[in-house]
Amino acid sequence: MLFKSLAGLALAAAAVAKDVTYYWDIGYVTANPDGKLERQVIGVNGVWPPPPLHVSLNDTLVIETRNSLDTLTTLHAHGMYQNGTNYMDGPYMVTQCGIPPGGNMTYRIPIIQTGTYWIHAHFSAQYVDGIRAPLILHNPEEPHKYDEDVVLTLEDWYHDGAAGLLKDFLSWKNPGGAEPVPNGALIGRVGGDELYKLKFTPGKTYRIRLINMSALSMFHFSIEGHKMRVIEVDGVDTEEQEVGNVILSVAQRTSIL
């Protein structure tokens, strides 16, 4: 009887599962993320920043990708296990060959996890030039209760391109391995003198998904006059824990209420 029930659940899940398809033409665009310097960055479909991706448990994430750069590229869904689909994982010449200039690739990733993730290029240091975006894996049976869902990205930003930064970092002239210092920070993809504003209604509970999409920088996040409750760390649901601030190193994600 239990076996039949489990089988029925599996069939029901399969019946509602669907392909969630995004079309990403990866190419160069011009942007001024921190308001201090306009430069060439890497965007999607002619715009920057790349849009967030949303998909639900049991669905399949499909990214129809075209490489309009003059160099190789790949995409890596950071934090996803890729059980049985490691050839869709993205690290160049580890699990995937690079997509050549003018080439195409279709990523098909079955969603068997939930939580907060991000997707970025994984060829050399390419994602530092801006090809990175939130990837949210929704749980239809969300264990935590809240009224609204907010994604908040945290990033360091450089005025020099990633190729030049990498060359200087790995140079014999840098024997101590000093890491390049960023020119600024982007919060919600806004930096410099521009403020990123979120509107909150008293009495409502908000889930804020914090994602550190930096090259090198750690962020300390707090909200003045408020306590926060951590409910997720790196895609894993946790028991609620009240904190005054959250520390995120590169690639880490945390959800707070």
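Residues numbered from 1 in each chain as written. Predicted model: local features only at pLDDT ≥ 70, side-chain atom pairs only at ≥ 80, totals over all residues. Heavy atoms only, no water.

J.: What is the right way to look at the pairing of strand β1 (residues 19-31) in this model?
T.: Successive residues of a regular strand alternate their side chains across the two faces of the sheet. One ladder, built from eight bridges, connects β1 with strand β4 (residues 60-67); its direction is parallel. Looking at the pairing, Val20 lines up with Leu61 of β4. Across six bridges, the pairing between β1 and strand β2 (residues 39-44) is antiparallel. Bridged to Gly27 within β2 is Gly43. (Pairing = 2+ DSSP bridges. Helix = DSSP H or I, 4+ residues; strand = E, 2+ residues; numbered from the N terminus.)

J.: It is not clear to me how the nonpolar core should be interpreted in this structure. Could you clarify?
T.: Most often, soluble globular proteins keep nonpolar side chains buried together rather than apart. In terms of nonpolar packing, the biggest core is built from 32 residues, with Trp24, Leu53, Leu61, Ile63, Met80, Ile131 and Leu135 touching the most fellow members. Residue assignment for this core shows that the elements contributing at least two residues are β1, β2, β3 (53-56), β4, β5 (75-78), β6 (104-110), β7 (115-121) and β8 (132-138). Discounting residues that sit within four places of it in the chain, Ile131 has contacts with Trp24, Ile26, Ile42, Gly43, Val44, Pro50, Ile119, His120, Ala121 and Gln126. (Core = buried A, V, L, I, M, F, W, Y, C linked by side-chain atoms within 4.5 Å. Buried < 20%, exposed > 50% of the residue type's maximum accessible area, 1.4 Å probe, protein only. Contact = heavy atoms within 4.5 Å.)

J.: Help me understand the sheet that holds strand β15 (residues 236-243), please; the structure alone is not making it clear to me.
T.: Note on sheets: strands pair through backbone hydrogen bonds, and any given pair is parallel or antiparallel. Strand order in the open sheet formed by seven strands is β11-β10-β9-β12-β17-β14-β15, with mixed pairing between adjacent strands. Edge positions in the sheet fall to β11 (190-191) and β15, since each has one partner strand and no second. As defined by bridge partners, strand β12 (residues 206-212) adjoins strand β17 (residues 253-256) across four bridges and the pair is classed as antiparallel. Bridging across to β17, Arg209 finds its partner in Ser255.

J.: Could you clarify how one ought to interpret the environment of Ile26 in this entry?
T.: With respect to the helices, strands and loops of the structure, Ile26 is situated in strand β1. Taking the C-alpha atoms as reference points, Ile26 and Leu53, separated by 27 residues in sequence, lie 15 Å from one another. Excluding residues that lie within four positions of it along the chain, Ile26 makes contacts with Ile42, Gly43, Thr65, Arg66, Asn67, Ser68, Leu69, Thr73, Leu75 and Ile131.

J.: Is there a simple way to explain the pattern of salt bridges in this structure?
T.: A side chain of one charge can pair with a side chain of the opposite charge when the charged atoms of the two come close. Across all of its chains, the model carries twelve salt bridges by this definition. In this structure, Glu142 and Arg207 form a salt bridge, with 3.2 Å as the shortest nitrogen-oxygen distance. Residue Glu142 is located in the loop between β8 and β9 (148-157), and its partner Arg207 is located in strand β12; the two are separated by 65 residues in the primary sequence. Glu142 sits in the partly exposed class, given a relative accessible area of 24%. Note that Glu155 is salt-bridged to Arg189, the shortest N-O span being 2.4 Å. With a gap of 34 residues between them, Glu155 in strand β9 and Arg189 in the loop between β10 (184-187) and β11 connect regions that are remote in the sequence. Across the pair, Arg189 and Glu155 agree in class, each one buried. (Salt bridge = Lys/Arg side-chain N within 4 Å of Asp/Glu carboxyl O.)

J.: Mind showing me how you'd approach the sheet that holds β1 here?
T.: What the four strands build is an open sheet, ordered β2-β1-β4-β6; its pairing is mixed. Each end of this open sheet is capped by a strand with a single partner; those strands are β2 and β6. Shown here is a sheet whose adjacent strand axes are inclined to one another by a mean of 20°, direction ignored. (Axes fitted to C-alpha atoms, helices over the stretch in contact; angles between N-to-C directions.)

J.: What is the right way to read the pairing of β9 from this model?
T.: Burial within β9 is extensive, with seven of its ten residues counted as buried. As paired strands, β9 and β12 are joined by seven bridges and run parallel to one another. If you follow Asp149 over to β12, its bridge partner there is Arg207. Pairing of β9 with β10, which is carried by four bridges, proceeds in the antiparallel orientation. In the sheet register, Trp157 faces β10, and the bridge partner there is Gly184.

J.: Explain the packing of aromatic side chains to me, please; I cannot follow it from the model alone.
T.: Geometry of an aromatic ring pair is reported as the spacing of the ring centres plus the angle between the planes. Applying the stated criterion to the full structure yields four aromatic pairs. An angle of 50° between the planes, with centres 5.8 Å apart, marks the rings of Trp48 and Trp157 as tilted. Highlighted residues: Trp48 in the loop between β2 and β3 and Trp157 in strand β9, separated in sequence by 109 residues. Judged by relative accessible area, Trp48 falls into the buried class, the value being 15%. (Phe/Tyr/Trp six-rings, centres within 6.5 Å; stacked < 30°, edge-to-face > 60°.)

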